[in-house]
Amino acid sequence: MAPPRKTHCIHGHELTPENTGRQSGGGRYCKRCSVERVKEYYQRNRSKVLQQRAEHYRRNRERLCAVERERYHRKKMEAF
Ligand SMILES: [Zn+2]
């Protein structure tokens, strides 16, 4: 017999289709929990995260600028 379908995650969030994400391996996860995990991680490692972000930006500045330019141009074209 297949295990009963879970309706709530281990933290009590309801597992609606909107709140359920799919993992690449085929599993399901609670989106609310994953958001909260990220928030918690951010709060606990604030300076580290900011440092990593700054480092990431420094390393990818050229590419990020290109993406921004691309987005800007596309928006301009859509306005016509
Ligand atoms: Zn949850």
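Keep in mind it's a predicted model, so treat the numbers as computed, not measured.

Okay, the overall build of the protein next. Secondary structure assignment for the protein yields three helices and two strands. Along its sequence from the N terminus, the protein presents helices and strands in the succession β-β-α-α-α. The C-alpha atoms of the protein give 19 Å as radius of gyration, which overshoots the globular expectation for 80 residues (12 Å, by more than 25%). With respect to the three principal axes, the spread of C-alpha positions in the protein is 55 × 40 × 20 Å. Per-residue burial over the protein gives 1% buried out of 80 residues.

To continue, consider helix α2 (residues 46-59). For α2, spanning 14 residues, the distance from its first C-alpha to its last is 20 Å, which sits close to the expected 20 Å at 1.5 Å a residue. Judged by how many residues are buried, α2 sits mostly at the surface: zero of 14 residues are covered.

Attention now goes to helix α3 (residues 61-79). An α-helical turn contains 3.6 residues, so a residue and the one three or four places further along point in the same direction. An ideal rise of 1.5 Å per residue puts 27 Å on 19 residues; α3 measures up with 27 Å between its terminal C-alpha atoms. The buried count for α3 comes to zero of 19 residues, which makes it a mostly uncovered element.

Attention now goes to the environment of R69. Tracing the sequence through the fold places R69 in helix α3. C-alpha of R69 to C-alpha of G21: the two residues are 48 residues apart in sequence and 31 Å apart in space.

Calculation notes
- Note that residues are indexed from 1 along each chain, following the sequence as it is written.
- The predicted nature of this model means local features are confined to residues of pLDDT at least 70 and side-chain atom pairs, given and counted, to a pLDDT of 80 or more, with totals for whole chains, interfaces and linings taken over all residues.
- Each helix is a run of DSSP H or I of at least 4 residues and each strand a run of E of at least 2, with the numbering of both proceeding from the N terminus.
- Radius of gyration here is computed from C-alpha atoms only, and the compact-globule reference equals 2.2 Å multiplied by the residue count raised to the power 0.38.
- Three exposure classes are used. Buried residues have 20 or more other C-beta atoms within 10 Å of their own C-beta, exposed residues have 12 or fewer, and partly exposed residues fall in between, all C-beta atoms being placed from the backbone.
- To estimate how far a helix should reach, multiply one less than its number of residues by 1.5 Å.

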